[in-house]
Amino acid sequence: MTADVAAAFDETADRYDSAGPQFAGPVASRLVALARLQPGWRVLDAGCGAGAVLIQAARAVVPGGHVTGIDVASRMVARAAREAGSQGLGDSVTLRAGDAARPPFDPASFDAILASLVFYLLADPTAALTRWHELLVPGGTLAFSRGAGPDPRWSPVLAAVDAYAGDAAGFETYVHRPGPLSETKAMLNASGYTGISSTVETVTIRYDSPQQWWEAAVTEGPWVTWRHIPGQRLAEARAEALAMAGELREPDGSLVRHIRMAYLTARRAGSD
């Protein structure tokens, strides 16, 4: 699963979250705000992607702080490095390729660990939570986002494309993998975290057209599944999806998705 995720996001790195409507950016902004980062903190962005959290976190910890980004997709790491450089933040960040679930750092290396739109793609979320706990200083903060509910109007559209991928797991199968929010909180508790809290909010995305939605979808999470569709069949899947999406148009011709997101925060206990 990890290799498949790496391949998918390597293939889409240059186009990720750049098709018009933004999803990763607003989710990252909310996550960074809830993490309450402080100047001088050392932060790990686990699964940094194109750098949405990385850049906002770097701004939050100046002066004196530093953000390390790690991602299994090496081309995403390169994209994040370019983004940080273009924002003048190159001295405040370090980037490296690696598994977000098993970051290769010493225990108690970070004041905070953030993971945005990553949890549902981890092969073993419980193991990741345990490893992140080890990497936090006593009293350190973990903050991550995960899906709380897809837009049910769009589920048939996504499922129609998934069907062309044969035996590959459907995209919403990944989205539902973490299970109910209560199970995620139980995992945090079992991994030794304290002060566990969650905030559930709706993220609204508006597309100008079905074509714009498709261009976004094939650079984001659904590509983990859809990359398994053979070329000619992908064209057929696109045509079917565009027709179905067209039926969801608003009166002004746009398309809207309402995605429920959960933001979880927790701490490593203040003493060992």
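Structure: see above.
Below is a short write-up of the structure. For clarity, every value in this text was computed on a predicted model and none was experimentally measured.

Further remarks concern the pattern of salt bridges. In the structure shown here, the tally under the stated rule is 13 salt bridges. A salt bridge links arginine 227 to aspartate 4; the shortest N-O distance between them is 2.6 Å. Linking arginine 227 in the loop between α10 (223-226) and α11 (231-246) with aspartate 4 in helix α1 (residues 2-12), this pair joins segments that are 223 residues apart in sequence. Given the relative accessible area of 18%, aspartate 4 is considered buried. The partner of aspartate 14 in a salt bridge is arginine 82, and the shortest N-O contact between them spans 3.3 Å. Of this pair, aspartate 14 sits in the loop between α1 and α2 (24-35) while arginine 82 is found in helix α4 (residues 74-86), placing the two residues 68 residues apart along the sequence. On the accessibility criterion, aspartate 14 (47% relative accessible area) is partly exposed. Through salt bridges with shared partners, a single network forms among Asp4, Glu11 and Arg227.

A few words on the environment of tryptophan 41. Mapping tryptophan 41 onto the fold places it in the loop between α2 and β1 (42-46). Each C-alpha atom, one on tryptophan 41 and one on glycine 179, is 32 Å from the other, the two residues being 138 residues apart in sequence. Sequence-distant contacts of tryptophan 41, defined by excluding residues within four places in its chain, comprise Ala35, Arg36, Val61, Gly65, His66, Asp111, Ala112 and Thr141.

Remark: helix α9 (residues 210-217) packs on α11, axes separated minimally by 9 Å, with the N-to-C direction vectors making an angle of 130°. In this view, α9 runs oblique relative to α11, as classed from their interaxial angle. Relative to α11, α9 is oriented so that their crossing is right-handed. Across the interface between the two elements, Pro210, Gln211, Trp213 and Trp214 from α9 touch Leu234, Ala237, Arg238, Ala241, Leu242, Ala245 and Gly246 from α11.

Definitions and cut-offs
- Residues numbered from 1 in each chain as written.
- Predicted model: local features only at pLDDT ≥ 70, side-chain atom pairs only at ≥ 80, totals over all residues.
- Heavy atoms only, no water.
- Salt bridge = Lys/Arg side-chain N within 4 Å of Asp/Glu carboxyl O.
- Helix = DSSP H or I, 4+ residues; strand = E, 2+ residues; numbered from the N terminus.
- Buried < 20%, exposed > 50% of the residue type's maximum accessible area, 1.4 Å probe, protein only.
- Contact = heavy atoms within 4.5 Å.
- Axes fitted to C-alpha atoms, helices over the stretch in contact; angles between N-to-C directions.
- Parallel < 35°, antiparallel > 145°, perpendicular 65-115°, else oblique.
- Left-handed = near helix turned anticlockwise from the far one by under 90°.

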